Amino acid sequence: NHGIGVLTSGGDSQGMNAAVRAVVRETLRQGHRCYLIREGYTGLITGNIDQATWEHVANVTHLGGSMIGTSRCDEFRTTDGRKKAAKIMFDRRIFHLIVIGGDGSLMGAQKLKEEWGRFGEELFAEGKITEEVANEGRELHLAGIVGSIDNDCIESDKSIGSDTALHRICEAIDGLVMTAQSHQRVFVVEVMGRHCGYLALTAAIAVEADYVFYPEIPPDDKWPEQLCHQLESVRKYGKRQNVIIIGEGVTNSKGMKIGGKQVKEEIETRLGLEVRIATLGHLQRGGEPTFLDRLLGLRMGHEAVLEVLKTTEDVGSPIAGQKTVAQVMCLRGHNIERNELSRVIRQTETANEEMQQRNYD
Ligand code: F6P
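Residues numbered from 1 in each chain as written. Predicted model: local features only at pLDDT ≥ 70, side-chain atom pairs only at ≥ 80, totals over all residues. Heavy atoms only, no water.

The protein appears in an unreviewed UniProt entry as Phosphofructokinase domain-containing protein from Caenorhabditis briggsae.

S.K.: How do you make sense of empty space enclosed by the protein when you look at a structure like this?
M.R.: Think of a ball as big as a water molecule: rolled over the atoms, this probe shows where empty space is left. Applying the stated criterion across every chain yields a total of 1 cavity of 30 Å³ or more. The calculated volume of the largest cavity comes to roughly 90 Å³. Lining the largest cavity are Asp-103, Leu-106, Met-107, Val-146, Asp-152, Cys-153, Val-328, Leu-341, Val-344, Ile-345 and Thr-348. For the lining of the largest cavity, the secondary-structure elements that each account for two or more residues are helix 4 (103–125) and helix 11 (341–360). For the lining of the largest cavity, the leading source of residues is helix 11, giving 4 residues. Here the lining of the largest cavity is composed, by residue class, of 8 nonpolar, 1 polar and 2 charged. (1 Å grid on protein atoms, 1.4 Å probe; cavity = no way out; pocket = protein on both sides within 12 Å on 5 of 7 lines; lining within 4 Å. Points joined across faces, edges and corners; volume = space filled by probe spheres on them. Helix = DSSP H or I, 4+ residues; strand = E, 2+ residues; numbered from the N terminus. Nonpolar A, V, L, I, M, F, W, Y, C, P; charged D, E, K, R; others polar.)

S.K.: Just checking my understanding: could you explain the sheet that holds strand 10 (residues 327–332) for this structure?
M.R.: Sheet strands pair via backbone hydrogen bonds, and the direction of the pair is either parallel or antiparallel. In spatial order, the strands read 3-2-1-4-5-10-11; together these 7 strands make up an open sheet with mixed pairing. Both edges of this open sheet fall to strand 3 (49–51) and strand 11 (335–340), since each of them pairs with a single strand only. Adjacent strand axes in the sheet meet at a mean angle of 25°, parallel and antiparallel pairs treated alike. Strand direction decides the pairing type here: strand 5 (residues 141–146) and strand 10, joined by 3 bridges, are parallel. Counted as the bridge partner of Gly-144 is Val-328 from strand 10. (Pairing = 2+ DSSP bridges. Axes fitted to C-alpha atoms, helices over the stretch in contact; angles between N-to-C directions.)

S.K.: Help me understand helix 4 in this model?
M.R.: Each turn of an α-helix holds 3.6 residues, which means side chains three or four residues apart point in the same direction. Taking 1.5 Å per residue, 23 residues should reach 33 Å; helix 4 reaches 33 Å between its end C-alpha atoms and fits that length. Bending of helix 4 peaks at approximately 50° at the position of Trp-116. Immediately downstream of helix 4, the backbone of Gly-127 shows phi near 75°, a positive value. (Expected span 1.5 Å × (residues − 1). Bend = angle between axes of the 7 residues up to and from the residue.)

S.K.: I'm lost on the site of the ligand in this one. Help?
M.R.: What surrounds the ligand is the set Arg-72, Ile-149, Asp-150, Met-192, Gly-193, Arg-194, Glu-248, His-282 and Arg-285. At 2.9 Å, a side-chain N or O of Arg-72 approaches an oxygen atom of the ligand. Separating an oxygen atom of the ligand from a backbone N or O atom of Gly-193 is a distance of 3.1 Å. Relative to its unbound accessible area of 400 Å², the ligand is 75% covered by the protein chains. According to the grid-proximity analysis, the pocket containing the ligand is the largest pocket. Classifying every residue of the shell around the ligand by side-chain character gives 2 nonpolar, 2 polar and 5 charged. (Near = heavy atom within 4 Å. Polar contact = N/O pair within 3.5 Å; in protein donor to acceptor, adjacent residues only side chain to side chain. Areas by Shrake-Rupley, 256 points an atom, 1.4 Å probe, with all protein chains shown as cover. Sits in = over half its atoms within 2 Å of the grid points.)

S.K.: What's the story with the pairing of strand 6 (residues 186–191) in this structure? I'm lost.
M.R.: Of all 6 residues making up strand 6, 5 are buried, and the element is well covered by its neighbours. With 6 bridges joining them, strand 6 and strand 8 (residues 242–247) adopt parallel strand pairing. When the sheet's bridge partners are listed, Val-191 is paired in strand 8 with Gly-247. (Buried < 20%, exposed > 50% of the residue type's maximum accessible area, 1.4 Å probe, protein only.)

S.K.: Can you walk me through the side chain of Ser-162 in this structure?
M.R.: Of note, Ser-162 is situated in helix 6 (residues 162–183). The class of Ser-162 is buried, set by a relative accessible area of 0%. Those residues within four positions of Ser-162 in sequence are excluded, and the remaining contacts are Ser-148, Ile-149, Asn-151, Tyr-198, Leu-199 and Asp-293. (Contact = heavy atoms within 4.5 Å.)

S.K.: Where do I start with the pairing of strand 2 (residues 33–37) in this structure?
M.R.: The two faces of a sheet get side chains in turn, since along a regular strand they alternate between them. Taking burial as the measure, the 5 residues of strand 2 include 5 buried ones, the bulk of the element. The side-chain alternation of strand 2 yields two buried faces, one formed by Arg-33, Tyr-35 and Ile-37 and the other by Cys-34 and Leu-36. Relative to strand 2, strand 1 (residues 3–9) runs parallel, the two being bridged by 4 bridges. If you follow Val-6 over to strand 2, its bridge partner there is Leu-36. On the question of chirality, the crossover connecting strand 1 to the parallel strand 2 by way of helix 1 (residues 16–29) is right-handed. Here strand 2 pairs with strand 3 via 3 bridges, running antiparallel. Bridging across to strand 3, Ile-37 finds its partner in Ile-49. (Right-handed = clockwise from strand over helix to strand, strands pointing away.)

This is the structure we're talking about:
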């Protein structure tokens, strides 16, 4: 009988509850203990943990947000913080952990995994855990699930929540278009996504936006002329409104942030059109998850349980003694695939660094 803990970390995303549900139900179905770790890594450090029952996760799949709470936990970024978390896990005999979150959260989980053996030895040497518990927990069985609206995981076609966020963006812009049309206005819509332009770019296609700024291709210094030329040409054939989308994290070639205010000023000065800014903000993370995010959450939660239990068997197999390797659940086409967590984190980091380097060169 194993103890499997589940937590959500970083920004919440719609569909996380479906993943938690699947983790709990599959764990219990297989006769193991499941623990709901509340408020992200904060709960792991403070011991804010409840043993899950079957009923805990009834009627949750349709709910947005994270039913177990989430946080951006600064203490977990420190070795001391992670060691405190390890102590709690040894105390509760939780040696299987499923982390649902974005790249920062998964990176924290990978660090805990790498330090786990050392933490166990230290805690035993300090007399904080018994030899029996230290032995039982000599391995941390870890799996990651990408839950983030940003869709910025390099190996996954979709992260849990990104489909719903896009749905929210499209709904909001569809609404704006009607008022924009009535007043013949331009709407500059700011969307989330951190370093990743996925939300901005795909939403722009879906709502027939006239212009999009996204971080992967920073606009050159001529963007005001290009943008205004584009607006003029579509107005010429009778279009009464324009939508311009700006992804978060968009900078010019000198690394200076480009925001809605700057775009508005350029258009008003150059074209004399009326411009309004709409910052969609956390509405993008709100509301019920779409079917796709529910299903994705359920599938990934289920696979993650199979994964952590599989590594348990590996440790007891003829290749015993080999350390297990944490995997992250990724969507590839219609399939859920496993990828080595440390590699995915490295690749994502490198891609972000290369992009920033390229943009400022
Ligand atoms: O990572 C998800 C995300 O929504 C980003 O798109 C955004 O930059 C950030 O979180 C906002 O974070 P917070 O909710 O802490 O303001």
